[in-house]
Amino acid sequence: MAEELTPSTPEEEEQQIKPRKNGLYPAVSDELAESMASGWADTDLHDLQPIAQAPHTAERRAALSRSFPGERLVIPAGNLRTRSNDTEYSFRAATEYAYLTGDQTEDGVLVLEPTGDGHRATVYLLPRSDRENGEFWLSGQGELWVGRRHSLGEAEQLLGIPAKDVRELADQLREATGPVRVVRGHDAGIEAALTDKVTAERDEELRVHLSEARLVKDAFEIAELQKACDSTARGFEDVVKVLDKAEATSERYIEGTFFLRARVEGNDVGYGSICAAGEHATTLHWVRNDGAVRSGELLLLDAGVETTELYTADVTRTLPINGRYSDLQRKIYDAVYDAQEAGIAAVRPGGKFRDFHDASQRVLAERLVEWGLLEGPVERVLELGLQRRWTLHGTGHMLGMDVHDCAAARTESYVDGTLEPGMCLTVEPGLYFQVDDLTVPEEYRGIGVRIEDDILVTEDGNRNLSAALPRRSDEVEAWMAALRG
């Protein structure tokens, strides 16, 4: 990794960009500065077309405007975060900002200014790095270091929103009058500029509103979720084809294999991939992925591709590493499959969000009683929640730009709400028998099974967006055999 010369605070850049401490070049000669300031071709982009979701983001902003008349609304994208010294984590724009603009650049801020009949939207962005003061080649965030940013004019054409220099925004906000709300937690500088103008309660109302606005997906979002699921299915196929290499190395081989598909076809993985082999499958969020992969054991793979527009899939399959379930593995797997079938069948418009969870949990409770692990009747088990020793988690959640989408929504709108066409959720029952659980027969210990699919609520029922991946145990075995030749 090359070493830049950078300072760099905005104040320093306004005066002169200074060499970094311990840099190999202590200064820039006048002659070099003059050379770097000239001799560059015009690289402005012309005749740009709006991004595909521009009409959808405009509709979303209009709906937001109607909900908060007369108030200034400030929605930041967030800033780069340091990973180690002068290296940063890969930037991922805040969901609220990307949802309303389609932009994904760091430091961006959407501001809706109240007008007589609604709001005027402006997106505040970093312009192209300055060639006059040398920022473009001396700053660690300059164009020659991290790549070209769009000019403000280009951003306007792409996003369909007037664009201004974000470096002027904080001062403008300090002078702002009237009611203001900001989405907190993404840009400390913007929040500081508004510190005497906002309240936590009012800002939380804005965050909740934006979360609930995403409960029902539009056509663009549904297409993106389908794209994410299709890429994810191909990622699972990639993994099955290299299980022999994973056995020779570790779960990391599985993680890396899926990640390749996510980066080639999308933006990234939507969350840390869970590549849990053997007893690790009983740990719900096993993301260390440093364990052994052994023939005869199960692999619980919970992973999702995030598209370039930041919509993620969330799919889980529990696969026999050698291609065949043992009798006990199949018994446990088939119980989870039956529970998922019952849950998916309960997803329909007009039904309660909780219905699929209740349906799945009932099936699992029945099996646990049938196997003698719990004392019935089943109604007693469910009333006391006794099945949760082995089922542990809820059976699903909303899905979208966040893997656990709409999480800030009010309980009455989400968990206690009613399903509508356009909602997308996961159905993911599981059974997990911990390796140290003395209440179950020894042969059960260390077995974990989860099956998860992404389900869209339709006008007449539901559609499984991840149906390209087989679920029934015999179909999984046949699919794996075909992939492995």
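Structural data are supplied above this passage.
Residues numbered from 1 in each chain as written. Predicted model: local features only at pLDDT ≥ 70, side-chain atom pairs only at ≥ 80, totals over all residues. Heavy atoms only, no water.

(A) Spotlight on helix 7 (residues 152-159). Looking at helix 7, one finds that the buried residues are E154, A155, L158 and L159. The buried residues of helix 7 all sit within an arc of 115 degrees when viewed along its axis, so they share a single face. As for helix 7, its buried residues are in contact with helix 3 (54-67), helix 4 (95-101), strand 5 (118-125) and strand 6 (163-165). A positive backbone phi angle near 75 degrees is found at G160, which sits one or two residues after helix 7. (Buried < 20%, exposed > 50% of the residue type's maximum accessible area, 1.4 Å probe, protein only. Helix = DSSP H or I, 4+ residues; strand = E, 2+ residues; numbered from the N terminus. Arc of directions from axis to C-beta. Contact = heavy atoms within 4.5 Å.)

(B) Quick look at the pairing of strand 16 (residues 453-458). In terms of burial, strand 16 is largely enclosed, as six of its six residues are buried. Neither face of strand 16 is exposed, since D453, I455 and V457 on one face and D454, L456 and T458 on the opposite face are all buried. Bridge count between strand 13 (residues 424-427) and strand 16: four bridges; the pairing is antiparallel. Bridge pairing in strand 16 places L425 opposite I455. As paired strands, strand 16 and strand 17 (residues 461-464) are joined by four bridges and run antiparallel to one another. The residue of strand 17 that forms the bridge with T458 is G461. (Pairing = 2+ DSSP bridges.)

(C) Representation of the sheet that holds strand 6 in the model. Sheet architecture is open: five strands sit in the order 6-5-4-1-7, paired in mixed fashion. The sheet terminates laterally at strand 6 and strand 7 (180-182), the two strands that pair on one side only. Strand-to-strand twist of the sheet, defined as the mean angle between neighbouring strand axes without regard to direction, takes the value 25 degrees. In this sheet, strand 4 (residues 109-115) lies alongside strand 1 (residues 72-76) in antiparallel orientation, the contact comprising four bridges. (Axes fitted to C-alpha atoms, helices over the stretch in contact; angles between N-to-C directions.)

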